[in-house]
Amino acid sequence: MAGSTFGTIFKVTTWGESHGKGVGVIVDGCPAGLELDEQKIQQYLNRRKPGQTRYSTPRKEEDLVEIQSGVFEGKTTGTPISLVVYNKTQRSKDYSEIADYYRPGHADYTFDQKYGFRDYRGGGRSSGRETIGRVAAGAIAEELLKSLGIQVQAYTKSIGDVTADMDKATPENIMKSPLYMPDPEASEKAELFLERKMQEQDSAGGVIECIVKGMPAGIGEPVFDKLDANLAKAVMSIGAVKGVEIGDGFAVAGAFGSDNNDSFCKGQDGKIAKTTNHAGGILGGMSDGSDIILRAAIKPTPSIARQQQTVNRDGEDIEISIKGRHDPIIVPRAVVVVEAMTAICVLDMILLGMTSRLDRIQEFWKK
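Draft legend 1. Representation of the environment of Gly78. The residue Gly78 is located in the loop between strand E6 (75–76) and strand E7 (81–86) in this model. Residue Gly78 is classed as partly exposed on the basis of its relative accessible area of 35%. In the structure, Gly78 is positioned 29 residues away from Lys49 in sequence and 28 Å away in space, judged by C-alpha atoms. Among all residues touching Gly78, those that are not within four sequence positions of it are Cys30, Pro31 and Ala32.

This is the structure we're talking about:
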C-alpha cells in the first residue's frame, strides 16, 4: 500500500490495522538531543483513546505506547524512532456480518474496488485507530516545536449547530470539557444536543479549530509546497475530515478587498505585524508571522444503529443496522489528531526552510 508516509525531512510512516496485533509509527528525521520518553507521548495519546466519556466508543483500550528505537537515556539519537501500541480488546466478531455488504459512509466499497478484497474487521487501515501513529508522531513534533517557542493548540469550535463563543473561551476549559470545547456554556449545550442524537440512534459532526502561535515569517514554499497547501493535505488525510479552511476560509468569497486585506504596521516589539489576520497567518504560501488559524470540518460518525439502505457484494438491496462499539461523534477524539498533523506539517516545513537563505547556512556553519 502506497501513501502511508507524510513529510520530507521529518518523515512519518504509520502502520497496522485496527484489529491486528497493534498499530504504530516510524518517525525518521527527528534531530538528536530532544528529551523524550513514553510518558510525554502518552499524554497526547490519552486525549484520543476511547472509552473516556459517554460520547466516545465504549471500547476500552489503554493505548499504552512503547518506544522501540531511536531514544537512548531519555534523548533522541537522530535515528528512526519506532513506536507501537498493541491492540488489547478487539472483538472481530462484531464485524463478521459486514464482510458481505458495504456500510454507508465507510470505505468498504472503495477498498474492494481498489484491492479486490478488504479487511472488514473495523475497517483495517481506514479505521480511526490508524490515527494513533499520527498522534504519537505529533507528540514528538510538538515537543520539538515547543523548544523553538512555537505552540500548537486545537479544540472543538462547533458541534452540530452549537458554536463556542471565543470571548468565553480559555485554554483551561478545553481540557475540562468532555468535548474539548473552550466555552463551558457551549459545551453543555453540545452535550444536550448529543444526548438527543444518541436517543435517535444517530450521530453528529462538527468543526475543529487549530491555532499555531509563535510561528516565524517566511516558512513555506511559494509554488506547489505552499504551507497552506501542505497543511490542507495533512489535515485532509485524516479519515473523518471533509473540508479544511485557513483564516477566513470560504467567507472570503463574499468579502471585498478593502475588508479582506490585512494592513501591515509596526508591532509592539518593533517588528512588522498586521492589524488583522483574515489570511490566517499565511500569505503566498508562506507564514507571515501571525497566528496560523486552521479549521477542519469533521463528518458525523458513519456507523449508526438506525436502519440504513445499502447493497451486498452481489449488488442486492438490503437494510442494515450497524452493531458494535462506535462513537456517536468523532470530533472530540479527533481534536488531538488535527493538532498532531498540523504540528508534523509545520515542523517539516520549518526544517525544509532552513536551506532557503545562504546567509543563514553560512551563519550556521561558522559557529
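After presenting the structure, the write-up continues.
Draft legend 2. Geometry of helix H1 (residues 38–45). Within the span of H1, buried status applies to Ile41, Gln42, Tyr44 and Leu45. The arc enclosing the buried residues of H1, seen along the axis, measures out at 155 degrees, which places them on a common side. N-cap assignment for H1: the residue whose side-chain oxygen lies 3.2 Å from the backbone N of Gln39 is Asp37.

Draft legend 3. Representation of the pairing of strand E17 (residues 308–311) within the structure. With burial as the criterion, only one face of E17 is covered, namely that bearing Gln308 and Thr310; the residues Gln309 and Val311 on the opposite face remain uncovered. For E17 and strand E18 (residues 317–320), the ladder comprises four bridges, and the chain directions are antiparallel. Each bridged residue has a counterpart across the sheet, and for Thr310 the counterpart in E18 is Ile318. Here E17 hands over to E18 after five residues, with Gly315 in that stretch at a positive phi of 80 degrees.

Draft legend 4. Looking closely at the pattern of salt bridges. For the coordinates displayed, the defined rule picks out 18 salt bridges. Two residues, Asp63 and Arg129, come together in a salt bridge whose shortest N-O distance is 2.9 Å. A residue pair is termed long-range when its members are at least 10 positions apart, and Asp63 in the loop between H1 and strand E4 (65–69) and Arg129 in the loop between helix H2 (108–115) and helix H3 (131–147) qualify at 66 residues. Take Asp63 and Arg129: they sit in the same class, and that class is buried. Where Glu143 meets Lys146, a salt bridge forms, and the shortest distance between an N and an O atom there is 3.4 Å. Pair noted here: Glu143 and Lys146 are both in helix H3, with a separation of three residues, about one helical turn. What emerges from the salt-bridge pattern is a single network uniting Lys157, Glu209, Glu245 and Arg295.

Draft legend 5. A look at a nonpolar patch on the surface. Nonpolar side chains collect at one region of the surface, where Leu358, Ile361, Phe364 and Trp365 lie side by side and expose about 490 Å² of accessible area between them. A relative accessible area of 57% means that Leu358 is categorised as exposed.

Draft legend 6. Representation of the side chain of Asn230 within the structure. Residue placement: Asn230 occurs in helix H6 (residues 227–236). With near-sequence residues (within four places) excluded, Asn230 lies in contact with Phe6, Phe224, Asp225, Cys345 and Met349.

Draft legend 7. The sheet that holds strand E10 (residues 206–213), seen in detail. Strand order in the open sheet formed by five strands is E9-E8-E10-E16-E11, and the pairing between neighbours is antiparallel. Looking along the sheet, the strands with just one partner apiece sit at the ends: strand E9 (162–163) and strand E11 (241–246). Across seven bridges, the pairing between E10 and strand E16 (residues 292–298) is antiparallel. When the bridges of E16 are listed, Val207 appears paired with Ala297.

Draft legend 8. A look at a negative patch on the surface. Taken together, Glu35, Asp37, Glu38 and Glu66 make up a surface patch of like negative charges. For Asp37, the position within the fold is in the loop between strand E3 (22–28) and H1. According to the relative accessible area criterion, Asp37 is partly exposed, its value standing at 35%.

Draft legend 9. Fine view of H6. Every buried residue of H6 is listed here: Leu227, Asn230, Leu231, Ala234 and Val235. Projected down its long axis, H6 shows its buried positions confined to an angular sector of 130 degrees, all on one face.

Draft legend 10. Broad picture of the state of the cysteines. On inspection of all chains with the given rule, the structure shows zero disulfides. Take Cys30: it sits in no disulfide, and the sulfur closest to it among the cysteines is that of Cys345, at 17 Å. According to the relative accessible area criterion, Cys30 is buried, its value standing at 3%. Left without a disulfide partner, Cys345 is nearest to the cysteine sulfur of Cys210, which lies 11 Å away. Classification of Cys345 as buried rests on a relative accessible area of 1%.

About the criteria used
Residues numbered from 1 in each chain as written. Predicted model: local features only at pLDDT ≥ 70, side-chain atom pairs only at ≥ 80, totals over all residues. Heavy atoms only, no water. Helix = DSSP H or I, 4+ residues; strand = E, 2+ residues; numbered from the N terminus. Buried < 20%, exposed > 50% of the residue type's maximum accessible area, 1.4 Å probe, protein only. Contact = heavy atoms within 4.5 Å. Arc of directions from axis to C-beta. Polar contact = N/O pair within 3.5 Å; in protein donor to acceptor, adjacent residues only side chain to side chain. Pairing = 2+ DSSP bridges. Salt bridge = Lys/Arg side-chain N within 4 Å of Asp/Glu carboxyl O. Patch = residues over 30% accessible without salt bridge, like charges linked within 9 Å, V, L, I, M, F, W, Y side chains within 5 Å. Areas by Shrake-Rupley, 256 points an atom, 1.4 Å probe, with all protein chains shown as cover. Lys, Arg positive; Asp, Glu negative; His and termini not counted. Charge placed at Lys NZ, Arg CZ, Asp CG, Glu CD. Disulfide = S-S within 2.5 Å.

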